[in-house]
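Residues per chain, in single letters:
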Amino acid sequence: MQPVAAALSPRSRRGEAGDGASESWAAADPDAQLSPELLTEVEAVASGWMLEFTCHCLCRHFRDGRVPDFQRSRDAAQAIINGLPRITAHQRKAVNLCQFLARIAEGKSLGYHFESDQRISPLESALSIWTLLEKEESKLEKLHEDIRRLILIQAVAVYIEKGYYKEASGVLDRLDSEPNKTLRMKLAMIINRRDPYVPFLQNFNYNLLVDKIKSYIDDFLKKSATNFLIKAAMKEVEAKRLEGKASQDTPASVETNHGNVLEMEQSNLEDVHHISKRSSGNARRQTLRSSYMSCRSHIEAHTPLNPEMAPFPRIKKRGRTSACRNLQNDLQNLKNNAETSSSRLTGRKKQRWTLEEDRKLKKGVKEFGMGNWAKILIHYDFNNRTGVMLKDRWRTMSKQHKVSLM
């Protein structure tokens, strides 16, 4: 079979890759104007970094089965390859690997063609590129042999599965130069039997081929993790995460009467809104709102402006005002009304939080940040919970020292 064109998708064409940049660029004056020759060299070096980075991402997406991300990285790699002036020996393996994975991903799609010869299927094209990848290895291992054997089997099997026995025979004819004559003879016998369900094809199936390729990719990813762009991007991401964490870790309000009351005020306000939305009676909504406004007026009247004053409820028993007692009673009545109304509206008892729900909540806060309860609720499966419930549970876990924002 003739060497394949360096294409990642149908009708794409291969460009070539660039050299290293001149050492004078590192010491150049940032304000100095680049000459066209120097700019070409700099562009080639940057393109080489982008090629290695994109190839790394492409491998990760293939290994993890993220199809949309894989297709996006495949298109990006194709654009980079098409723009390279030439391919260096150092970059050739990355280019071949991108081409190989693009063909394997479309291995079952007989309507895709990567070659000018429309008879050649994606897996036949992949086999040619795999030969180039094997030449890059100093020593062939059993994994390389297994992958070659599975590609050959599946290049024939994809036609047999669809009942295209004539086309399957054509594949064997085109692969006449394959050294494994025994395997070719066995595949010829299977074609003659016209049975797509023979145990041989079931045992050496397409999924096994993909698993073997993923093992090969793991080794490549370990070696490519030192890519300049990967390390630079990781530092940038880590710095931004630290900035985001610092903004979330601002000192919490001091445990004072002021802080506690504001926290209760916010919670009760959200409970009132939550119950009001679900209640169909205007009278109940008005009653709860009036109760809340009454509590708020007490809060504003009796909350000290200085946060360093003695915290509530550490108030001396002697001299306790009736206003304070009314404040406590009103807050408790509001809480009881909210729980009673919620229980009546939902028709069920308060549901205890499970360890699995706590774990999901911790994971959600770690991923999306504290306060993004709606996002957490969408991405994780909670048992009939609301955003208010997630917020309240997080506050409870925080007070019980069951969570950590590290």
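Analysis parameters
Residues numbered from 1 in each chain as written. Predicted model: local features only at pLDDT ≥ 70, side-chain atom pairs only at ≥ 80, totals over all residues. Heavy atoms only, no water. Helix = DSSP H or I, 4+ residues; strand = E, 2+ residues; numbered from the N terminus. Buried < 20%, exposed > 50% of the residue type's maximum accessible area, 1.4 Å probe, protein only. Contact = heavy atoms within 4.5 Å. Salt bridge = Lys/Arg side-chain N within 4 Å of Asp/Glu carboxyl O. Phe/Tyr/Trp six-rings, centres within 6.5 Å; stacked < 30°, edge-to-face > 60°. pLDDT = per-residue confidence, 0-100. Disulfide = S-S within 2.5 Å. Axes fitted to C-alpha atoms, helices over the stretch in contact; angles between N-to-C directions. Parallel < 35°, antiparallel > 145°, perpendicular 65-115°, else oblique. Left-handed = near helix turned anticlockwise from the far one by under 90°. Nonpolar A, V, L, I, M, F, W, Y, C, P; charged D, E, K, R; others polar. Expected span 1.5 Å × (residues − 1). Core = buried A, V, L, I, M, F, W, Y, C linked by side-chain atoms within 4.5 Å.

Can you explain the overall build of the protein chain? Please cite residues and give values.
Assigned secondary structure in the protein chain consists of 17 helices and zero strands. Buried residues in the protein chain amount to 39% of all 406 residues. Taking as baseline every contact in the protein chain between residues at least 6 positions apart, the subset at least 24 positions apart corresponds to 70%.

If you had to explain the pattern of salt bridges to someone new, which residues and values would you point to?
Should the charged atoms of two oppositely charged side chains come close, the side chains can pair. Tallied over the entire structure, the rule returns 24 salt bridges. As a salt-bridge pair, Glu134 and Arg148 come within 3.1 Å of each other at their nearest N and O atoms. You can see Glu134 sitting in helix H5 (residues 122-136) and its partner Arg148 sitting in helix H6 (residues 142-161), a full 14 residues away along the chain. On the accessibility criterion, Arg148 (14% relative accessible area) is buried. With a shortest N-O distance of 2.8 Å, Arg393 and Asp358 are connected by a salt bridge. Of this pair, Arg393 sits in helix H17 (residues 387-399) while Asp358 sits in helix H15 (residues 355-368), and the two are 35 residues apart along the sequence. The pair formed by Arg393 and Asp358 is uniform in burial state, with each residue classed as buried. Residues joined in a network through salt bridges with shared partners are Arg60, Arg63, Asp64, Arg66, Asp69, Arg72 and Asp218.

Can you tell me about the packing of aromatic side chains, naming the residues and giving the values?
Going through the model one piece at a time under the given rule, you end up with five aromatic pairs. Taking 5.1 Å as the distance between ring centres and 35° as the angle between the ring planes, the aromatic pair formed by Phe100 and Trp130 counts as tilted. Here the residue Phe100 occupies a position in helix H4 (residues 89-105), and Trp130 occupies one in helix H5, the gap between them amounting to 30 residues. The burial state of Phe100 is the same as that of Trp130; both residues are buried. With a centroid separation of 5.0 Å and an interplanar angle of 45°, the aromatic rings of Phe200 and Phe204 are classed as tilted. Note on Phe204: relative accessible area 29%, which makes it partly exposed.

Residue-level account of the confidence of the model for the protein chain, with values.
Averaged over every residue, the pLDDT of the protein chain is 75; residues scoring 70 or more account for 66%. Contacts for the low-pLDDT stretch residues 253-259, under 50 throughout, to residues beyond four places or in other chains number 16 contacts. Within the model, pLDDT remains below 50 along residues 275-281, and this stretch shows ten contacts once partners closer than five positions in the same chain are excluded.

Give me the lowdown on the state of the cysteines, citing residues and values where you can.
Here the structure, examined in full by the defined rule, presents zero disulfides. No disulfide involves Cys55; its nearest neighbouring cysteine sulfur is the one of Cys98, lying 3.6 Å away. Under the relative-accessibility criterion, Cys55 is labelled buried at 0%. Take Cys57: it sits in no disulfide, and the sulfur closest to it among the cysteines is that of Cys59, at 9.3 Å. Note on Cys57: relative accessible area 18%, which makes it buried.

Can you tell me about the environment of Met389, naming the residues and giving the values?
As for its position among the elements, Met389 is in helix H17. Of the residues examined, Met389 reaches a relative accessible area of 28% and is grouped as partly exposed. Expressed as a C-alpha distance, the spacing of Met389 and Trp373, which sit 16 residues apart in the sequence, is 9.1 Å. For Met389, the contacting residues outside a window of four places in its chain are Trp353 and Asn384.

Outline the packing of helix H7 (residues 165-174) against helix H8 (residues 181-193), supporting the account with residue identities and numerical values.
Two numbers describe how H7 lies on H8: the axes approach to 10 Å, and their chain directions differ by 170°. Between H7 and H8, the angle is such that the two are roughly antiparallel. Judged by the sense of rotation from one axis to the other, the crossing of H7 with H8 is left-handed. Contacts between H7 and H8 involve Tyr165, Ala168, Ser169 and Leu172 from the former and Arg184, Leu187, Ala188 and Ile191 from the latter. Among the residues forming the contact of H7 with H8, the class breakdown is six nonpolar, one polar and one charged.

Go over helix H2 (residues 36-64), please, and point to the residues and values.
Here H2 is 29 residues long and its end C-alpha atoms lie 41 Å apart, about the 42 Å a rise of 1.5 Å per residue gives. Looking one or two residues beyond H2, the residue adopting positive phi is Gly65, at roughly 75°.

Summarise the side chain of Gln154; cite the residues concerned and give the values.
Tracing the backbone through its elements, the reader meets Gln154 in helix H6. When sequence neighbours within four positions are dropped, the list of residues in contact with Gln154 reads Lys108, Leu123, Glu161, Phe204, Asn205, Tyr206 and Leu209.

Any details on the nonpolar core? Residues and values, ideally.
Ranked by internal contacts, the top residues of the largest apolar core, which has 56 residues, are Leu97, Phe100, Leu101, Ile104, Leu187, Leu209 and Ile213. For this core, the leading source of residues is H6, giving eleven residues. Excluding its chain neighbours within four sequence positions, the residues that come into contact with Leu209 are Ile104, Leu123, Ile147, Leu150, Ile151 and Gln154. Grouped together as the second largest cluster of nonpolar side chains are ten residues, Val365, Phe382, Leu390 and Trp394 included.

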